[in-house]
Amino acid sequence: MNPELVLVVGDLFIPQRTPDINEQFKSVLTPNKVQHVLCLGNIGNQETYDWLKGLSKDFHIIKGDFDQDDEDEKKVIQIGDFNIGIIHGHQVLPWGDIEALGIAQRQLGCDILISGHTHKTQVEVKDNVLFLNPGSFSGAFSPLIEDTIPSFILMVLTGDEAIIYLYTLNDKNKKFEVNKYDYKKGAENLLEIENEEDDDDKKDEEEEEHEQEHEEEQEREEEHEEEHEEEHEKEQEKPKEQEQPKEQAQEPQEEPPKEQTQEQESNEIKDDAE
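Not measured: the values here are computed from a predicted model.

Caption draft 1: Layout of the sheet that holds strand β9 (residues 151-158). The strand order across the open sheet built from 7 strands is β3-β2-β1-β9-β10-β11-β12, with neighbouring strands paired in mixed fashion. Edge positions in the sheet fall to β3 (58-61) and β12 (191-193), since each of these pairs with one other strand and no more. For this sheet the average axis-to-axis angle between neighbouring strands, irrespective of direction, equals 20°. As paired strands, strand β1 (residues 4-9) and β9 are joined by 5 bridges and run antiparallel to one another. Of the residues in β9, the one forming a bridge with V6 is M155.

Okay, here's the thing in structure tokens:
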């Protein structure tokens, strides 16, 4: 069975709350790269609507709380072995509450329920059902949370297995962060998978830390050697300074004439005796 790629986005509010979708997102999402697009509403303008619709021939959208279009407020779509329910999420109170979302899921009779409205990402399993929220595709402001991070979800569905990629864009370094999950239809738990890129990043960080520690150790050794050399030089200078006054003190004590005088005296005494 061939895998089906499903793009899930929502809560764009272009241009009401943000100028456009981030170019880094646009660069990786090109027409016909995915087989399905699911949009949770609140797009904002016709230009963005047309761009999203042009990404795939199978485009589904539901009505958001700020949309004026006559769209459905809920849908159930079958992809692979999964029945996928989509709602905007403003109908569910409290917003984003997993128990309240469970009621909506049972009403729709779906295996996966996708909702938005909170501008906050969610990947969670409850009572053998997968609940997803792609967050805000554009990073649009929301009064519900302090900081909104641009995000979307890409699902790879193969039979009864779903691989979920949660993409977020860090505003500080403008770098993608990808979290990967594996879900089997009807499973009690969700498996989070470590990405190879994350492993490579960790290895790079460990290597950098090791190199830095090695450099610091070398610097400490060099400083220790310099200190040792300085101490050695000082020790060599001390005896020289101590020897100089001894030699100067010994010079006036030399009295070679005394020995000669004693010999002369002894000779004179011998001569007198003779």
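Having seen the model, we can carry on.
Caption draft 2: Fine view of the nonpolar core. Membership of the largest hydrophobic core comes to 25 residues, with the highest contact counts inside it found for I84, I114, L132, M155 and I164. The residues touching I164, leaving out its near neighbours within four places in the chain, are L130, L132, I153, L154, M155, N179, K180, Y181 and Y183. F25, Y49, F137 and L169 belong to the second-largest nonpolar core, a separate cluster that totals 22 residues.

Caption draft 3: Expanded view of the sheet that holds strand β5 (residues 82-87). Spatially, 5 strands are ordered β4-β5-β6-β8-β7 in an open sheet, and the strand pairing comes out mixed. Pairing within the sheet leaves two strands with one partner each, and these edge strands are β4 (74-79) and β7 (121-126). Averaged over all neighbouring strand pairs, the angle between strand axes comes to 20°, with direction disregarded. Strand direction decides the pairing type here: β7 and strand β8 (residues 129-134), joined by 6 bridges, are antiparallel. Residue pairing for β8: Q122 is matched across the bridge by N133.

Caption draft 4: Structural context of the packing of aromatic side chains. For the structure on display, the rule yields 10 aromatic pairs. Centroid distance F25 to F137: 5.5 Å. Interplanar angle 10°. Geometry classified as stacked. Here F25, found in helix α1 (residues 23-28), pairs with F137, found in the loop between β8 and β9; they are 112 residues apart in sequence, far enough to count as distant. Look at F25 and you get buried, because its relative accessible area is 0%. Residue classification places F137 among the buried positions, given a relative accessible area of 0%. Ring centres of F25 and F152 lie 4.9 Å apart, and the angle between their planes is 90°; this geometry places the pair in the edge-to-face category. Within this pair, whereas F25 is found in helix α1, its partner F152 is found in strand β9, the two being separated by 127 residues in sequence. Like F25, the residue F152 is buried in the burial classification. Site record: aromatic cluster; members linked through ring pairs are F25, W51, F137, F152, Y167 and F176. Over the aromatic face of F13 sits the side chain of R17, whose NZ or CZ is 3.9 Å from the ring centroid. The ring centre of F66 lies 5.3 Å from the NZ or CZ of R17, which sits over that ring.

Rules of the game
Residues numbered from 1 in each chain as written. Predicted model: local features only at pLDDT ≥ 70, side-chain atom pairs only at ≥ 80, totals over all residues. Heavy atoms only, no water. Pairing = 2+ DSSP bridges. Helix = DSSP H or I, 4+ residues; strand = E, 2+ residues; numbered from the N terminus. Axes fitted to C-alpha atoms, helices over the stretch in contact; angles between N-to-C directions. Core = buried A, V, L, I, M, F, W, Y, C linked by side-chain atoms within 4.5 Å. Buried < 20%, exposed > 50% of the residue type's maximum accessible area, 1.4 Å probe, protein only. Contact = heavy atoms within 4.5 Å. Phe/Tyr/Trp six-rings, centres within 6.5 Å; stacked < 30°, edge-to-face > 60°. Lys NZ or Arg CZ within 6 Å of the ring centre and 35° of its normal.

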